[in-house]
Amino acid sequence: MKRVVVGLSGGVDSSVAAYLLKEQGYEVIGLFMKNWHDDSVTISNECPWLEDSNDALLVAEKLGIPFQTVDLSEQYKEKIVDYMFNEYEKGRTPNPDVLCNREIKFDVFMKIAMSLGADYVATGHYCRKGTLEKDGKEIFQLLAGKDDNKDQSYFLCQLSQEQLAKALFPIGELTKPEVREIATKLDLITAEKKDSQGLCFIGKVRLPEFLQQKLQPKDGIIVEIPADATIYSEEKPSFNSEEESFAFESQRINYLKVPGKVVGKHQGAHYFTKGQRKGLNVGGTKEPLFIIETDVEKNIIYTGQGNNHPGLFKKALFIANEEIHWIREDLALKDGEKLAVLARIRYRQPLQKATLHQYKNGMYVVFEKPQSAITEGQFVAWHHNDEVLGSGVIA
């Protein structure tokens, strides 16, 4: 009988995942991960993890499976939180949820599970795992969940073959309403529980407040760049190669020399991210202001009016070699090769037509249509139909 450790988060998805595994005849152990205990940085008096671990315990009791809590807050702080602060300081915008899966759930947590004699680790993610044979070798596939509204394969886009080999996603074939229905039938305490929002760890913490505890505020200016600035209509230089033209398409615009007007002040460029609209506190513009670029060196935020401002759009992005990750290692591109894919640059974005171009020092993802707010530090994931082939960090 195969043993599975399921990460019970105290939510409805992992509760139903545990139930389904039991029905399928696995020996199931429930494990709750405590990722965060530094109460000095939670903002509200709510203590979500206590409530969540309690719900997880009640679910385990109801299903009749053994349950224990593991405290991973040390590893969490080191691998996720510190990384986040470093990224924000550099003016990049990290994605902690993608990292949490790669570094915690399918690494630290998986090792603990294996030490408990588990054959697999299961989570309540809306995605599926496929298997195919190639050259006599078994290859695992990460596939989108059946529920289009809830597909979470993006959050798992950094998993490796080794991690997928030991992963199970029991609810990937179901939709959210079906999952809730099963939980209601079983009378599980989590049946009606709202989906958790925000970061996978800080529970109820809002990001700017969280960042302010570690990153010092410093006053800077907010500049508005007009949509008809000449920099957007200049003729493109002529290029000697495709690689040169992609480099041009993907580069950041230097707005220091572009005429703009100062429209307000801010408390630190590193708290803000490209494409952001809220939190600028600048009124009086015809259309709302969107952030088109942040300069953390000079502590300046550049904005433009409306979500069609030309400063928001780019057709290409670059990924450095060490940041390219192929789930399907067998499909990895070599220098000079290209591949037509469907790609997304954020969770829940509809898939976009794009081409991957691999060069000596990295890879360009070139989109058919310009994309809004391509953000450094975020992950781009590329697909073939409903399979996630790989991902990378936007440079």
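What counts, and where the lines are drawn
- Residues numbered from 1 in each chain as written.
- Predicted model: local features only at pLDDT ≥ 70, side-chain atom pairs only at ≥ 80, totals over all residues.
- Heavy atoms only, no water.
- Phe/Tyr/Trp six-rings, centres within 6.5 Å; stacked < 30°, edge-to-face > 60°.
- Helix = DSSP H or I, 4+ residues; strand = E, 2+ residues; numbered from the N terminus.
- UniProt positions renumbered as here; feature names shortened; annotations may be inferred.
- Core = buried A, V, L, I, M, F, W, Y, C linked by side-chain atoms within 4.5 Å.
- Buried < 20%, exposed > 50% of the residue type's maximum accessible area, 1.4 Å probe, protein only.
- Contact = heavy atoms within 4.5 Å.
- 1 Å grid on protein atoms, 1.4 Å probe; cavity = no way out; pocket = protein on both sides within 12 Å on 5 of 7 lines; lining within 4 Å.
- Points joined across faces, edges and corners; volume = space filled by probe spheres on them.
- Nonpolar A, V, L, I, M, F, W, Y, C, P; charged D, E, K, R; others polar.
- Axes fitted to C-alpha atoms, helices over the stretch in contact; angles between N-to-C directions.
- Parallel < 35°, antiparallel > 145°, perpendicular 65-115°, else oblique.
- Left-handed = near helix turned anticlockwise from the far one by under 90°.
- Pairing = 2+ DSSP bridges.

A look at the packing of aromatic side chains
- Here the structure, examined in full by the defined rule, presents 10 aromatic pairs.
- On the basis of an interplanar angle of 85° and a centroid distance of 6.4 Å, the ring pair of Tyr26 and Tyr120 is categorised as edge-to-face. Taken together, the positions of Tyr26 in the loop between α1 (12-23) and β2 (27-34) and Tyr120 in strand β4 (residues 120-122) put the pair 94 residues apart, joining distant regions of the chain.

Remarks on the UniProt feature "domain: tRNA-specific 2-thiouridylase MnmA-like central" (unreviewed entry) in the chain
- Residues annotated by UniProt as "domain: tRNA-specific 2-thiouridylase MnmA-like central" (unreviewed entry) correspond here to residues 259-304.
- Taken as a whole, residues 259-304 contains 0% helix and 39% strand, while its terminal C-alpha atoms sit 12 Å from one another.

Quick look at the nonpolar core
- Residues Ile104, Phe109, Leu142 and Phe169 are the most contacted members of the largest nonpolar core, which totals 51 residues.
- Mapped by element, the contributors of at least two residues to this core are β2, α3 (73-89), α4 (96-115), β6 (137-144), α7 (207-212), β10 (289-295), β17 (379-384) and β18 (387-393).
- Sorting elements by how many residues they give to this core places α4 first, with 9 residues.
- Not counting the four nearest positions on each side in its chain, Phe109 is found in contact with Val5, Gly7, Leu31, Met33, Val70, Leu72, Ile104 and Val121.

Structural notes on empty space enclosed by the protein
- Tallied over the entire structure, the rule returns 1 cavity of 30 Å³ or more.
- In this structure, the largest cavity is lined by Gly91, Thr93, Phe272, Thr273, Lys274, Glu293, Thr294, Thr375 and Glu376.
- Taken together, the residues of the lining of the largest cavity break down into 1 nonpolar, 5 polar and 3 charged.

Regarding the packing of α1 against helix α6 (residues 176-185)
- Closest axis-to-axis distance for the α1/α6 pair is 9 Å, and the angle between their directions is 70°. On the basis of their axis angle, the class for α1 and α6 is roughly perpendicular. Once α1 is placed against α6, the crossing between them reads as left-handed. Where α1 abuts α6, its residues Val12, Asp13, Val16, Tyr19 and Leu20 lie against Lys176, Val179, Arg180, Ile182 and Ala183.
- Here the contact of α1 with α6 is built from residues that sort into 7 nonpolar, no polar and 3 charged.

Re the sheet that holds β4
- The 5 strands are arranged β3-β2-β1-β4-β7 in an open sheet whose pairing can be described as parallel. Across the chains shown, the open sheet's two edge strands, defined by having one partner strand only, are β3 (67-71) and β7 (167-168).
- As defined by bridge partners, β2 adjoins β3 across 5 bridges and the pair is classed as parallel. Paired with Leu31 across the two strands is Gln68, which belongs to β3.

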